[in-house]
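# Commentary on secondary and tertiary structure
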Amino acid sequence: MKRLLKTKSKQLLALGFLLISLISCNKDKEKNNPIKFIDVTKEVHLNTEKNWKYGGPTIADINNDGKYDLLLGNHDNTPIQLFWAQENNTFKEQKGLFPKADLHGMAAGDYDKDGDLDLLISLGGGNGSTPQPQRLLRNDNGKFVDATEETGLSEMGARGRSVRWIDLDNDGDLDFLQINAEQMVNEEIPRNLLFENNGNGTFTYKKSEAFEQINAERLLITDFNNDGILDLLTFSPYAAAEFWKGNNDFSFTNLSKEWLPKELQNIDQMSTAAQADIDNDGDLDYYLARGKSYYQIANNSISFDEKLKRLDLRDEGNKSHDGITFYADAAIQLSDFYRFPRGPEKPSIPLFIGSSKTEHKMPFDIQKVTQNEANGFPENLDKSGWYLGYLGEGKWRLEWLLKTNLAWDVRASVVGVTKVVPDWTPQDLGVPDVLLINEGTHFIDGSKHLPKESLENNWGITTGDFDNDGFNDFFLYRFGGLIQRSEDVIFKNKGNLEFESILTHGANNIPSKSHGDMGATFDYNLDGKIDILSGDDDNGQWHLYENETVSVNNYALFRVGNSKSNVDAYGAKVYITTKIGKQFKLIGSSSASHAQSFLNTVHFGLGKEKVIEKVEVVWRSGEKSTLTNLKANKIYQF
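Residues numbered from 1 in each chain as written. Predicted model: local features only at pLDDT ≥ 70, side-chain atom pairs only at ≥ 80, totals over all residues. Heavy atoms only, no water.

### Considering the overall build of the protein chain
Of the regular secondary structure elements, the protein chain holds four helices and 47 strands. Computed over the C-alpha atoms, the radius of gyration of the protein chain is 27 Å, within 12% of the 26 Å expected from 2.2 N^0.38 for a compact globule of 638 residues. Projected onto its principal axes, the C-alpha coordinates of the protein chain cover approximately 100 × 75 × 50 Å. A buried classification covers 58% of the 638 residues belonging to the protein chain. Residue pairs at least 24 apart in sequence account for 61% of intrachain contacts in the protein chain once pairs closer than 6 positions are excluded. Surface summary for the protein chain: the accessible area is close to 26700 Å², and the carbon and sulfur share equals 49%. (Helix = DSSP H or I, 4+ residues; strand = E, 2+ residues; numbered from the N terminus. Rg over C-alpha atoms; globule rule 2.2 N^0.38 Å. Buried < 20%, exposed > 50% of the residue type's maximum accessible area, 1.4 Å probe, protein only. Contact = heavy atoms within 4.5 Å. Areas by Shrake-Rupley, 256 points an atom, 1.4 Å probe, with all protein chains shown as cover.)

Right, here's the structure in full:
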């Protein structure tokens, strides 16, 4: 008997050591396999031109086949691009969707309830000279028809910025709103516009005084007070961020003073907003990415890399005269002499070298300049251009003169520099981001919990649970230096409002001369891992990064369609319950700048949990659907 007990004790002890070993192995596995992405842009046939961006893509299942399609904008040179998701996880572009450029905001939604998504496009107004109405492209089984006139949306032109589908009276169909740029003196229509869906394929303009005067160019559709009625978070780099409560009658009430801490009630310079329940308490928290725009950067800005001996500078393109002194021991290399084109005429800005003012066309005519070639500095600067001279003892002088408004900004780079002495104090491009923690009736400022990268010039923010641990993380797009790109950053949510900064995640286009702008997070191949689509601004391209994180964590995907009464999933809420707690997500865009996505295949990370005790979907109509006792690592249909 004693021998039997002794044997069993040894077996139990061995089993205990085995369990400890397995747990330790899993922890080591996760520790040794951090969040990782690989660039699959070429493999999935996502072929895009190098171009300017404008605040992110629209991601939505446009043809309702269960996979996300990509709607990509490229601002003022390349028309909108539509990429259809294929069964083999590649994409195929549909050419000729809409011929015009100068594209700003986009949105996808089924306004006519025919089962596929129709597209809204917001066009610019030529700096106020040619105000344009938004365009409605009706989806007729994959063929897109410009239905702007026949639906009654062509009467009012504006300097279009952001368009959104949203049900403003809770009647089950999607209405339309547009946030526009500041009006010019000769504009007579309201700045911002609301249109009611009549239910018969047409829209009617709805006057809404408070909404029409909102000073913003970007917005996020949300439900900050958790009352089931969709609200607005409006913002721009030039105006204060505001929270507007939806009243279900085409009107809104500004609750910014009631909800925001006093010190944040006039906060501006917002580029993008993301919403997520980061503390899993049942309401939405907000990350406000803040940074300086191109126009704000184009004023006495420099970046100097001592290691690379590289000086980059940027200044305004208006009528002006400015300069900088720098030191270089030998010949210097000139690059990236550029003017951001302004107006129909595109005159070059030449370079004049030395006291003799030897003229060169830029940016390609000359690259290397010796001290002898640049000897002296001219006394008389009489033409628009760059002026470069060598003053002796390693000292150089560069000035730029614009005798009229020639550009949106002017840029130049010099390599071989050892020291910089500007004539002015260079501006600090960094603007601290803001994290708002929702307390149910108000926000508290949680910005102190963010890593140091949140203090920089940040243009975009997206959110998703990248490692499936049950906590929503953030992906931050950094503008970087004036020329050199900085790594975008993952803020891994470790719970208890603690975030870890991750730079070596692989979802970076480094090195490059483009800038971080905006993107989207979604599971493009439905493997249970959140992927990232990034748009690189300043003549950059679109990049798709596939999540290759090795993890023992589980996931679940819930595809939410229309309710029984045929109400679409915009604004629906998905709640899940497991043994470790609850999570919820709002269907629509998890983040937004100018474009709006429709992410109705909802992703949840489950940590180690293998069973979901309960899932409940609540449509904006109040209808509910519930499933219980579901296995992890599957896709479920509502």
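### Remarks on the pairing of strand 28 (residues 395–402)
Counting buried positions over the eight residues of strand 28 gives seven, a clear majority of the element. Relative to strand 28, strand 22 (residues 320–327) is paired through eight bridges, and the arrangement is antiparallel. Bridge assignment links Gly323 to a residue of strand 28, and that residue is Glu399. Linking strand 27 (residues 385–392) to strand 28, which pair antiparallel, is a turn of two residues; within it Glu393 sits at a positive phi near 55°. (Pairing = 2+ DSSP bridges.)

### Observations regarding the pairing of strand 41 (residues 573–578)
Most of strand 41 is tucked away, with five of its six residues classed as buried. When strand 41 meets strand 42 (residues 581–586), the two strands line up antiparallel, connected through six bridges. Bridging from a neighbouring strand, Lys573 pairs with Leu586 of strand 42. Counting the residues that bridge the hairpin from strand 41 to strand 42 gives two residues. Two elements, strand 41 and strand 45 (residues 611–618), share five bridges in a ladder whose sense is antiparallel. The residue of strand 45 that forms the bridge with Tyr575 is Glu616.

### Side note on the UniProt feature "domain: ASPIC/UnbV" (unreviewed entry) in the protein chain
Here the UniProt feature "domain: ASPIC/UnbV" (unreviewed entry) sits at residues 569–636. The span residues 569–636 is 0% helical and 57% strand by assignment, and the distance between its end C-alpha atoms comes to 15 Å. (UniProt positions renumbered as here; feature names shortened; annotations may be inferred.)

### Notes on the packing of aromatic side chains
Following the criterion strictly, the structure yields 37 aromatic pairs and no others. Note on Phe211 and Phe252: the rings are 5.7 Å apart at their centroids and 35° apart in plane angle, and the pair reads as tilted. Highlighted residues: Phe211 in helix 2 (residues 209–212) and Phe252 in strand 17 (residues 252–254), separated in sequence by 41 residues. By relative accessible area, Phe252 is classed as buried at 7%. (Phe/Tyr/Trp six-rings, centres within 6.5 Å; stacked < 30°, edge-to-face > 60°.)

### Some thoughts on the nonpolar core
Trp165 and Phe558 are the most contacted members of the largest nonpolar core, which has 53 residues in total. In terms of nonpolar packing, the next biggest core, distinct from the first, is built from 37 residues, Ala216, Leu232, Phe235 and Trp259 among them. (Core = buried A, V, L, I, M, F, W, Y, C linked by side-chain atoms within 4.5 Å.)

### Thoughts on the side chain of Arg397
For Arg397, the location among the structural elements is in strand 28. There is a polar contact of 3.0 Å between the side chain of Arg397 and the side chain of Glu399. A polar side-chain atom of Arg397 sits 2.5 Å from a polar atom in the side chain of Asp423. Aside from chain neighbours lying at most four places away, what touches Arg397 is Gly323, Ile324, Thr325, Phe377, Tyr387, Leu388, Gly389, Leu391 and Asp423. (Polar contact = N/O pair within 3.5 Å; in protein donor to acceptor, adjacent residues only side chain to side chain.)

### Some details on the sheet that holds strand 18 (residues 270–276)
What the five strands build is an open sheet, ordered 32-31-19-18-43; its pairing is antiparallel. Where the open sheet ends on each side, the last strands, each with one partner, are strand 32 (443–445) and strand 43 (591–592). When strand 18 meets strand 19 (residues 285–290), the two strands line up antiparallel, connected through six bridges. Counterpart to Gln275 in the pairing with strand 19 is Tyr286.

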